[in-house]
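What follows is the residue order along each chain.
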Amino acid sequence: MGKDEDIESRGGDDQGDLTPHLASESGKSSDGASHDAPASSAGAAKEVAKEDEAEPTSKNAADDTGIGQRTLSNITEAASNIDSLIDDHEEEVSEGGRTVKRRGVYLLPNLFTTGALFCGFYAVVAAMHGDYATAPIAILFALVFDGLDGRVARLTNTSSKFGAEYDSLADMVSFGVAPALVMFSWALGDLGQVGWSAAFVYVACTALRLARFNTQVGVGDPNYFMGLASPAAACILACMIWVCQEQGWVGAALPAEVAIASAALTAIVAVLMVARVPYHSFKGLDLHGRVPFVAIFLVVLAFALVTVDPPKVLLMASLAYAASGPVALLLRGSDDT
């Protein structure tokens with residue numbers, strides 16, 4: 001009995017000794033598993049983070065693409081809506097002996113015509129603000145643009161009926177309404193009914209001059225205008241205002257006799273536009289052929305003369321051209337008698 005009890009007690013001791021070892025081994029194994037688990041979870045977290053970073057980038061790219069496509073579709077829809085609101089121009093042209101219809105207008109010559117129209121409008125706005133230094137120069141710029149649009153159309157073979165009508169309407173604004181309103185705002189307004197009557201006569205004669213010119217295209221000698229051209233008439237009034245502004249004759253400082261002379265000049269120029277007085281058109285000048293060397297020298301002298309005093313020189317040149325028609329008519333009449 002004592003031996004059995006001793007054996008059992010020792011067996012219990014052995015089992016007690018084994019239990020801590022098993023517990024320690026299981027603890028070690030559990031600790032290893034616990035150390036391995038955080039490592040694997042950290043790697044998985046990094047991969048998820050990378051995926052989360054990649055997803056917003058792809059989403060942003062997709063969003064940008066969608067926005068670009070929607071913007072393009074909106075622009076296309078707006079353009080189609082505008083095109084449906086504005087009727088396209090269509091005119092008949094002669095091609096190869098046949099009459100065909102063409103849609104659209106030529107851009108290049110009409111750009112110059114639009115530039116002339118804008119300069120005339122700007123001259124009116126400048127005069128309304130009392131800027132009589134800029135207003136006449138704007139009219140002179142309109143004259144330059146008007147001289148270019150027709151020549152560009154002929155050189156590029158882009159002449160059209162639409163361009164001719166558009167040019168005529170732009171001339172009415174730039175060389176009819178604009179000079180009259182600038183002159184009225186500068187000097188004629190102080191003359192009462194005489195002043196606005198002179199301004200209206202100028203506008204009406206410009207309209208009559210342009211209407212007659214449009215109905216007589218291709219009739220008569222192309223080297224001569226019948227009546228003073230509206231750009232030349234506008235140049236006279238613009239240079240007159242420019243010269244007086246350089247002298248300080250603006251507002252209260254404007255002498256009464258200068259205002260009366262301006263009204264008379266406006267009326268005379270208006271009558272010359274509708275009178276049956278021939279003026280040289282200079283369309284017969286050959287700018288492509290050779291000229292004597294002295295011609296280039298004269299051009300240089302002309303530029304030098306203009307730079308001395310641009311407003312006075314241009315006024316004298318435009319007045320000389322306006323007087324050339326009646327003088328030539330009188331000389332022709334004396335030769336016939």
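As a starting point, this report considers the structure included with it. Worth saying up front: this structure is predicted, and the values here are computed from it rather than measured.

1. Notes on the packing of aromatic side chains
Piece 1. Evaluated as defined, the whole model comprises 6 aromatic pairs.
Piece 2. A centroid spacing of 6.4 Å and a plane angle of 45° characterise the contact between F112 and F145, whose relative ring orientation is tilted. Note that F112 is positioned in helix 2 (residues 107-128) and F145 in helix 3 (residues 135-155), a separation of 33 residues in sequence.
Piece 3. Put simply, the rings of Y279, F282 and Y321 pair up and form one aromatic cluster.

2. What about helix 3?
Piece 1. Counted at 1.5 Å a residue, the expected span for helix 3 with its 21 residues is 30 Å, and the 31 Å between its end C-alpha atoms agrees.
Piece 2. Three or more residues of helix 3 are buried, namely A135, P136, A138, I139, L140, A142, D146, D149, V152 and A153.
Piece 3. At the C-terminal side of helix 3, N157 shows a positive phi close to 55°.

3. Digging into the state of the cysteines
Piece 1. Throughout the structure, instances matching the rule amount to 0 disulfides.
Piece 2. We note that C235 lacks a disulfide partner, and the nearest cysteine sulfur, in C239, lies 3.9 Å from it.

4. Considerations on a nonpolar patch on the surface
Piece 1. A grouping of F184, W196, F200 and V201 is seen on the molecular surface, where their side chains present a nonpolar patch of about 400 Å² in accessible area.
Piece 2. It is helix 5 (residues 193-215) that contributes the most residues to the nonpolar patch, 3 residues altogether.
Piece 3. Positionally, V201 belongs in helix 5.

5. Brief notes about the nonpolar core
Piece 1. Counting 53 residues, the largest nonpolar core has V182, W186, Y202, L228, V269 and Y279 as its most contacted members.
Piece 2. Among the elements of the structure, helix 2, helix 3, helix 4 (161-186), helix 5, helix 6 (230-246), helix 7 (256-274) and helix 9 (310-336) are those that each provide at least two residues to this core.
Piece 3. Take this core: its biggest share by element is 13 residues, from helix 6.
Piece 4. Contact partners of L228, with chain neighbours within four places excluded, come to R209, A233, I236, V269, L272, M273, Y279, Y321 and A322.

6. Notes on the packing of helix 2 against helix 4
Piece 1. Running from N to C, helix 2 and helix 4 cross one another at 15°; their axes reach a closest spacing of 9 Å. In terms of axis orientation, helix 2 runs roughly parallel to helix 4. Along this stretch, helix 2 crosses helix 4, giving a crossing that reads as left-handed. Contact with helix 2, carried on its side by N110, T113, T114, A116, L117, G120, A123, V124 and A127, involves F162, G163, Y166, D167, A170, V173, S174, A178, L181, V182 and S185 of helix 4 and no other residues of that element.
Piece 2. Across the contact of helix 2 with helix 4, the residue classes tally to 12 nonpolar, 7 polar and 1 charged.

7. Observations concerning the environment of D171
Piece 1. Summarising the element assignment, D171 is placed in helix 4.
Piece 2. Note: C-alpha distance between D171 and S230 (59 residues apart in sequence) is 7.5 Å.
Piece 3. Ignoring anything within four residues of it in the chain, the contact list for D171 reads D146, G176 and L210.

8. Focus on the packing of helix 4 against helix 6
Piece 1. One can describe the packing of helix 4 onto helix 6 by two numbers: an axis separation of 9 Å at closest approach and a directional angle of 25°. Taken together, the axes of helix 4 and helix 6 are roughly parallel relative to one another. Helix 6 is crossed by helix 4, and the crossing has left-handed handedness. Taken together, the residues of helix 6 that come into contact with helix 4 (itself represented by F175, P179, V182, M183 and W186) are S230, P231, A234, L237, I241 and C244.
Piece 2. Counted by class, the contact of helix 4 with helix 6 contains 10 nonpolar, 1 polar and no charged residues.

Thresholds applied
Residues numbered from 1 in each chain as written. Predicted model: local features only at pLDDT ≥ 70, side-chain atom pairs only at ≥ 80, totals over all residues. Heavy atoms only, no water. Phe/Tyr/Trp six-rings, centres within 6.5 Å; stacked < 30°, edge-to-face > 60°. Helix = DSSP H or I, 4+ residues; strand = E, 2+ residues; numbered from the N terminus. Expected span 1.5 Å × (residues − 1). Buried < 20%, exposed > 50% of the residue type's maximum accessible area, 1.4 Å probe, protein only. Disulfide = S-S within 2.5 Å. Patch = residues over 30% accessible without salt bridge, like charges linked within 9 Å, V, L, I, M, F, W, Y side chains within 5 Å. Areas by Shrake-Rupley, 256 points an atom, 1.4 Å probe, with all protein chains shown as cover. Salt bridge = Lys/Arg side-chain N within 4 Å of Asp/Glu carboxyl O. Core = buried A, V, L, I, M, F, W, Y, C linked by side-chain atoms within 4.5 Å. Contact = heavy atoms within 4.5 Å. Axes fitted to C-alpha atoms, helices over the stretch in contact; angles between N-to-C directions. Parallel < 35°, antiparallel > 145°, perpendicular 65-115°, else oblique. Left-handed = near helix turned anticlockwise from the far one by under 90°. Nonpolar A, V, L, I, M, F, W, Y, C, P; charged D, E, K, R; others polar.

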